[in-house]
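Residue strings, one per chain:
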Amino acid sequence: MIRERYEKAAEIFQKALDEPEGKRAGFIEIACEGDADLLAVVRGLLQSDSEESFLDGSLGLPAPAFDDDLDRPEEIVSIGDYEISKVIARGSMGIVFLAQQANPRRDVALKLLSIGEDTPGSLLAEATLLGRLQHPGLARIYEAGTAIATLRDGATAAASFIAMEHIEAETLAESISRAPMKRLDVARLLLGITEAIEHAHQRGVIHRDLKPSNILVDADGRPHVIDFGVGLLRDGHESAPGTRGIAGTIAYMAPEQLVGRMDQVDTRVDIYSIGVIAYELLTGNAPHGAADSIDEALLDRIRSSEVDTKRALTKSAGREFAGVVAKAMSRDRDDRYASAGALADDLRCVIAGRPTASDDGSAFRSLWRYALGHRVTASLLAGAFALCLAAILGLALASAEAGRSAERADRALESARTEALHAERIAEFLKAAFLGVDPEEQGSSVTLLDAIDYASGRIHRDLADVPAVEADVRSAIGFVYRRQGRFAEAFEQTRIAHRLHRQFHGPDDERTKGAAEELAYLTWIYEGDAAASLAGLEELLKDPDSETPAHVGWVSMKAGLVALAMDDLPRAEAHLIVAGPKLVEAYGEVFGARAMRHLSLVRLYSGDHSEAERLAREAVAACLGAAEQEYIVARCLVTLGQVLVERGRYDEALAVLGEAEVRMTALIGPSGPDVADLHATIAKAEYNAGRPAAAVERADRAVEILRSTVSLSHPDLASTEAFRMVYAATGDAERRDRLAAAYRTLDHAFGPDHRLSIEMLRLSLEHARAMNEDHAVRRLGSTLEILNERRLARLANGAG
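Because the structure is predicted, anything quoted here is derived from the model rather than measured.

Caption draft 1: The arrangement of the overall build of the chain in detail. When its secondary structure is counted, the chain shows 33 helices and 11 strands. Buried residues in the chain amount to 51% of all 800 residues. Approximately 35900 Å² of the chain is accessible, and the part contributed by carbon and sulfur atoms is 51%.

As structure tokens, then:
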């Protein structure tokens with residue numbers, strides 16, 4: 001009931017924000033349909049959104065309310081399904097416990113907001129805010145609501161709480177108190193913070209209270225931003241004009257934040273706070289003097305100057321890094337970075353030892369300085385690009401001369417000139433990308449990805465005046481990122497490229513269609529939206545003007561993969577049958593193995609295990625020994641391993657998967673989504689072979705890779721976490737509970753009649769039989785029978 005109320009209130013609240021301010025009160029009264037409690041919650045949300053904060057802040061606001069009989073929260077032993085372990089933080093924003101959730105069994109950070117009250121609007125407001133955010137640098141929210149709190153003496157009362165991801169870490173304040181950080185370590189830490197804040201800003205969330213005590217640093221040095229208690233939720237990043245409200249911590253507030261006019265508070269207040277944190281980390285001192293009042297603090301900010309800040313930082317940070325921090329801390333918000341993304345770009349440049357946007361020198365001068373110090377490398381690269389440019393120009397001119405009429409020749413010549421200019425801009429841009437990565441300053445060997453990262457950070461500055469060139473470069477960079485398993489960057493670059501191609505060339509241009517194909521595929525492999533991805537790919541296959549074997553082969557292959565993930569086997573088979581011959585026609589026989597291995601999985605999931613094994617072995621044989629096809633061999637071996645696991649030949653499967661692991665990691669290293677799939681398959685084989693500890697270890701690796709690769713809401717991540725949950729179970733009771741929780745996870749991610757959901761239900765049935773739980777056996781058996789019949793009917797009808 002609490003969760004339903006939260007979801008309903010959040011839905012009404014979001015719709016109310018779209019209404020004119022004068023009509024919101026009437027709108028929410030109608031929407032709440034006479035539910036006085038629901039109306040009170042929505043009113044609280046709107047009040048929090050328009051006035052001050054989502055939680056009681058740190059500037060004289062009242063502390064959380066606790067019932068007179070329960071004024072010692074340390075005495076609480078449980079809140080609902082959460083068993084309290086200890087207090088880990090407390091303050092005016094509430095009390096945070098380390099607690100253990102009963103189902104699923106895991107540690108959580110439980111923020112207690114009030115006892116003895118109804119659910120406050122501030123709780124639902126912060127929960128609404130956090131629910132928008134899914135980023136590795138931000139703690140996830142699991143649940144928000146009200147439950148019964150039980151004390152040691154048996155007393156009880158209602159308690160309002162938010163359950164969040166517990167991160168084993170210390171605060172940045174604790175970390176820096178022990179030892180100073182090196183300059184590049186500071187830059188890397190700030191980049192992690194800025195990327196998390198950029199994610200929040202893109203979803204309309206402003207933190208407003210960034211400071212070292214609100215940043216956790218884990219054992220790997222990765223930062224996690226916490227406590228959005230005084231955050232703002234602004235669609236379009238706009239504040240409500242004319243309102244006043246001061247929230248946050250004085251030492252880290254921007255001047256306009258100290259003034260308290262909400263119409264002046266936007267995402268740039270967070271950028272200012274990041275600048276203050278950077279100053280502290282680099283110098284060991286606060287940039288401003290201690291202030292006992294808002295007025296004193298504001299005066300101090302006004303007196304400060306960017307020149308003084310940069311001068312104070314240059315010795316410890318270097319000129320360029322000092323310029324970045326000074327720009328972030330500019331007292332005039334219009335002189336700061338316009339976005340967290342722009343700040344992140346410059347931090348990446350600092351880390352790589354490249355010129356930044358805040359650098360006083362020109363990009364040409366920086367490039368010239370590098371070239372002078374690296375004459376051989378510069379000459380080789382310049383020569384290579386000059387040859388490429390000459391070749392492109394020659395082809396373009398030849399194309400123009402080949403025209404059969406003066407009119408066609410004129411058009412061709414004009415087109416050639418345009419293409420030549422574009423080629424020249426691309427050559428200049430790529431040359432700067434390669435020369436801009438200085439191995440001496442970076443302190444390590446420079447890779448292709450170093451140059452690509454540098455290039456991606458400069459696109460919006462260097463190519464904004466030529467959208468056609470920008471689109472081509474972004475398409476190429478997006479493709480490289482996708483092949484390297486960096487899906488978030490690939491998705492962003494491809495999304496922008498598709499928009500620019502469509503805008504500049506039109507929807508029917510081959511470049512627009514190519515970007516649309518890549519974007520549709522990334523919609524599945526990164527975002528996890530299989531239905532939208534498959535619809536986009538199938539729309540491309542309807543185009544009669546794009547029927548080259550390569551195009552049809554690749555799009556059909558991708559469509560088959562997405563349909564396979566959806567457990568829509570008829571559509572998967574239809575697409576893969578088309579893909580195989582087309583890829584062979586375009587690229588040769590070995591490429592037929594790609595379609596064949598996926599057809600093997602279609603047979604496997606259809607229940608024809610012997611045919612699945614035959615196809616899997618044929619796929620391996622087709623590419624084994626082929627030049628430059630080691631990666632296809634590795635993927636085919638993984639497919640064969642999957643088939644052998646399902647056939648119950650676990651030791652044989654592990655041998656095949658071991659060979660696949662050697663080949664794959666030698667080619668692409670220990671990360672990437674394909675490596676995650678390999679670890680997940682090995683985990684399943686180990687578990688069925690009676691080695692749960694080994695299974696958990698492999699599942700952990702798969703989860704870690706996926707968390708850094710795909711969207712946190714991706715179904716593949718959910719399924720891997722679900723199976724890992726089962727592998728880690730100890731004891732019959734815990735195994736039963738984890739099987740049930742894992743089934744709910746898979747049901748939510750894929751639906752009840754997906755093969756993975758049914759597999760988990762089958763495991764639950766086997767466990768119930770082993771435990772002689774007759775009632776559970778009858779209930780699960782009946783449900784399993786119904787779902788199997790539903791799945792078979794769906795497959796027979798060819799419906800996804």
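Next, the rest of the story.
Caption draft 2: Summary view of the environment of Val602. Relative to the helices and strands, Val602 resides in helix α24 (residues 592-606). The buried category is assigned to Val602, whose relative accessible area is 1%. When the C-alpha positions of Val602 and Ala572 are compared, they lie 7.3 Å apart, and in sequence the two are 30 residues distant. Contacts of Val602, omitting those with residues within four sequence positions, involve Leu564, Leu569, Ala572, Glu573 and Leu576.

Caption draft 3: Region of the structure containing the packing of aromatic side chains. A full pass over the atoms with the stated rule returns seven aromatic pairs. A ring pair is formed by Phe491 and Tyr526, whose centres lie 5.6 Å apart and whose planes are at 40 degrees; its orientation type is tilted. Of this pair, Phe491 sits in helix α19 (residues 487-505) while Tyr526 sits in the loop between α20 (510-525) and α21 (530-541), and the two are 35 residues apart along the sequence. Three or more aromatic residues joined by ring pairs make a cluster, and in this case those are Trp554, Tyr587 and Phe591. Here Lys327 stacks its cationic end above the ring of Tyr337, 5.2 Å away from the centre of that ring.

Caption draft 4: Local environment of the pairing of strand β9 (residues 215-218). Both faces of β9 are covered, namely the face carrying Ile215 and Val217 and the face carrying Leu216 and Asp218. Judged from the three bridges that link them, strand β7 (residues 169-171) and β9 form a sheet pairing that is antiparallel. Across the sheet, Ala169 pairs through a bridge with Asp218, a residue of β9. As paired elements, β9 and strand β10 (residues 223-225) share three bridges and run antiparallel to each other. Following the sheet pairing, Val217 is matched in β10 by Pro223.

Caption draft 5: Looking closely at the packing of helix α29 (residues 692-707) against helix α30 (residues 715-727). Axis separation between α29 and α30 bottoms out at 9 Å; the angle between their running directions is 160 degrees. The orientation of α29 with respect to α30, classified from their angle, is roughly antiparallel. Like other packed secondary-structure pairs, α29 and α30 cross with a definite hand, here left-handed. For the pair α29 and α30, the contacting residues are Pro692, Ala695, Val696, Ala699, Asp700, Ala702, Val703, Leu706 and Arg707 in the first and Asp716, Leu717, Thr720, Glu721, Arg724 and Tyr727 in the second. The residue inventory of the contact of α29 with α30, partitioned by class, reads nine nonpolar, one polar and five charged.

Caption draft 6: Inspection of unusual backbone geometry at higher detail. Positive phi is not limited to glycine here, since Arg208 has a value of about 75 degrees. Following the sequence through the fold, Arg208 ends up in the loop between β8 (205-206) and β9. Although it is not a glycine, Asn772 sits at a positive phi angle of roughly 55 degrees. With respect to the helices, strands and loops of the structure, Asn772 is situated in the loop between α32 (755-770) and α33 (774-797). Overall, Asn772 belongs to the exposed group, its relative accessible area being 62%.

Caption draft 7: Main features of the pattern of salt bridges. Tallied over the full model, the rule gives 46 salt bridges. A salt bridge links Glu510 to Lys513; its shortest N-O distance comes to 3.8 Å. Within this pair, Glu510 and its partner Lys513 are both found in helix α20, separated by three residues, close to a single helical turn. Glu510 sits in the partly exposed class, given a relative accessible area of 46%. Between Arg707 and Glu721 there is a salt bridge whose closest N-O contact spans 2.9 Å. Highlighted residues: Arg707 in helix α29 and Glu721 in helix α30, separated in sequence by 14 residues. For Glu721, a relative accessible area of 25% translates into the label partly exposed.

Caption draft 8: Seen up close, helix α2 (residues 24-31). Turning to α2, its buried residues are Arg24, Ile28 and Ala31. Burial along α2 is one-sided: seen end-on, the buried residues are contained in an arc of 60 degrees. Within two residues after α2, Glu33 carries a phi angle of roughly 50 degrees, on the positive side.

Caption draft 9: View of the side chain of His135. As for its position among the elements, His135 is in the loop between α4 (121-131) and β5 (141-151). Here His135 falls in the buried class, since its relative accessible area comes to 18%. Here Gly137 takes part through its backbone nitrogen, which lies 2.8 Å from a polar atom of the side chain of His135.

Caption draft 10: Spatial organisation of α24. With 15 residues, α24 should cover 21 Å at 1.5 Å per step; its first-to-last C-alpha distance of 21 Å lies within 8% of that length. All buried positions along α24 are accounted for by Gly592, Ala593, Ala595, Met596, Arg597, His598, Leu599, Ser600, Leu601, Val602, Leu604 and Tyr605. The secondary structure elements touched by the buried residues of α24 are α22 (549-565), α23 (569-587), α25 (609-623), α26 (630-646), α32 and α33. With its phi angle positive at about 100 degrees, Gly607 sits one or two positions after the end of α24.

Caption draft 11: Fine view of the nonpolar core. Ranked by internal contacts, the top residues of the largest apolar core, which has 80 residues, are Ile477, Leu564, Cys623, Cys636 and Leu678. Ranked by residue count, the leading element in this core is α26, at 10 residues. With residues near it in sequence (within four places) discarded, Leu564 still touches Leu569, Ala572, His598, Leu601, Val602 and Tyr605. Leu189, Ala200, Tyr279 and Tyr337 belong to the second-largest nonpolar core, a separate cluster that totals 47 residues.

Caption draft 12: Here's a closer look at the pairing of β5. Pairing analysis gives three bridges linking strand β1 (residues 76-79) to β5, with the strands arranged antiparallel. Its bridge partner lying in β5, Ser78 is registered against Thr150. Two strands pair when backbone bridges link them, and β5 and strand β6 (residues 156-165) are joined in this way by nine bridges, in the antiparallel orientation. When the bridges of β6 are listed, Ile148 appears paired with Ala158. The turn linking β5 back onto β6 is made up of four residues, and Gly154 within it adopts a positive phi angle of 95 degrees.

Caption draft 13: Structural detail: the confidence of the model for the chain. For the chain, per-residue confidence averages 76 on the pLDDT scale, and 71% of positions sit at 70 or higher. Put simply, helix α13 (residues 363-373) is where the chain has its lowest mean pLDDT, 42, and helix α28 (residues 673-688) is where it has its highest, 93. Note on residues 235-245: pLDDT is under 50 here. Beyond four places in sequence and across chains, it has 34 contacts. Counting contacts from residues 439-444, a segment whose pLDDT is below 50, to residues more than four positions away or on other chains yields nine contacts.

Caption draft 14: Molecular detail of the packing of α19 against α20. Contact pair α19 / α20: the axes reach a minimum separation of 9 Å and the direction vectors enclose 150 degrees. Taken together, the axes of α19 and α20 lie roughly antiparallel to each other. As for the relative orientation of α19 and α20, their crossing is left-handed in sense. Listed contacts from α20 to Phe487, Ala490, Phe491, Thr494, Arg495, His498, His501, Arg502 and His505 of α19 are Arg511, Thr512, Ala515, Ala516, Glu518, Leu519, Leu522, Thr523 and Ile525.

Caption draft 15: Main features of the sheet that holds β7. On the basis of which strands lie adjacent, the open sheet formed by three strands has the order β7-β9-β10 and antiparallel pairing. What marks the edges here is a single partner per strand, and that holds for β7 and β10. Across the sheet, the mean angle from the axis of one strand to that of its neighbour is 35 degrees, orientation sign disregarded. In this fold helix α6 (residues 183-202) packs onto β9 and β10, with an angle of close to 35 degrees to the strand it touches most, β10.

Caption draft 16: Fine view of the side chain of Ser78. Looking at where Ser78 falls in the secondary structure, it is placed in strand β1. When near neighbours in sequence (up to four residues on either side) are disregarded, Ser78 contacts Glu83, Ile84, Ile148, Ala149 and Thr150.

Cut-offs applied
- Within any chain, residue numbers begin from 1 and follow the written order of that chain's sequence.
- The predicted nature of this model means local features are confined to residues of pLDDT at least 70 and side-chain atom pairs, given and counted, to a pLDDT of 80 or more, with totals for whole chains, interfaces and linings taken over all residues.
- Note: side-chain values were computed over all heavy atoms of the structure, leaving out hydrogens and water.
- Here a helix means four or more residues in a row that DSSP labels H or I, a strand means two or more in a row labelled E, and each is numbered from the N terminus.
- The buried label applies to any residue whose accessible area, calculated with a 1.4 Å probe on protein chains only, is under 20% of its type's maximum; exposed applies above 50%, and partly exposed to all values in between.
- Residue burial considers only the protein chains on display, and all accessible areas are found by Shrake-Rupley using a 1.4 Å probe.
- By definition, residues are in contact when any of their heavy atoms lie within 4.5 Å.
- Ring pairs are drawn from Phe, Tyr and Trp, using the six-membered ring of Trp, whenever the two centres fall within 6.5 Å, and their geometry is named by plane angle: stacked under 30 degrees, edge-to-face over 60, tilted for the rest.
- Counting as a charge over the ring demands two things of the Lys NZ or Arg CZ atom: a distance within 6 Å of the ring centre and an angle within 35 degrees of the ring normal.
- Two strands are counted as paired when DSSP detects at least two bridges linking them.
- Structural elements are reduced to axes, namely lines fitted to C-alpha atoms, with helices fitted over the stretch in contact, and the angle between N-to-C directions of any two is expressed from 0 to 180 degrees.
- Note on terminology: angles under 35 degrees are roughly parallel, angles over 145 are roughly antiparallel, angles of 65 to 115 are roughly perpendicular, and the others are oblique.
- A clockwise turn of the near helix away from the far one marks a right-handed crossing, whereas an anticlockwise turn of less than a right angle marks a left-handed crossing.
- Note on residue classes: Ala, Val, Leu, Ile, Met, Phe, Trp, Tyr, Cys and Pro are nonpolar, Asp, Glu, Lys and Arg are charged, and everything else, Gly too, is polar.
- We count a salt bridge whenever a side-chain nitrogen from Lys or Arg sits within 4 Å of a carboxyl oxygen from Asp or Glu.
- Along the arc lie the directions from the helix axis toward the C-beta atoms.
- We define a polar contact as two N or O atoms separated by no more than 3.5 Å, with the added condition that, inside protein, one atom must be a possible hydrogen donor and the other a possible acceptor, whereas residues neighbouring each other in sequence contribute only through side-chain atom pairs.
- Each residue after the first adds 1.5 Å to the expected span of a helix.
- Throughout this description, the term nonpolar core refers to a set of buried Ala, Val, Leu, Ile, Met, Phe, Trp, Tyr and Cys residues connected via side-chain atoms within 4.5 Å.
- What pLDDT conveys is the predictor's confidence in a given residue, as a value from 0 to 100.

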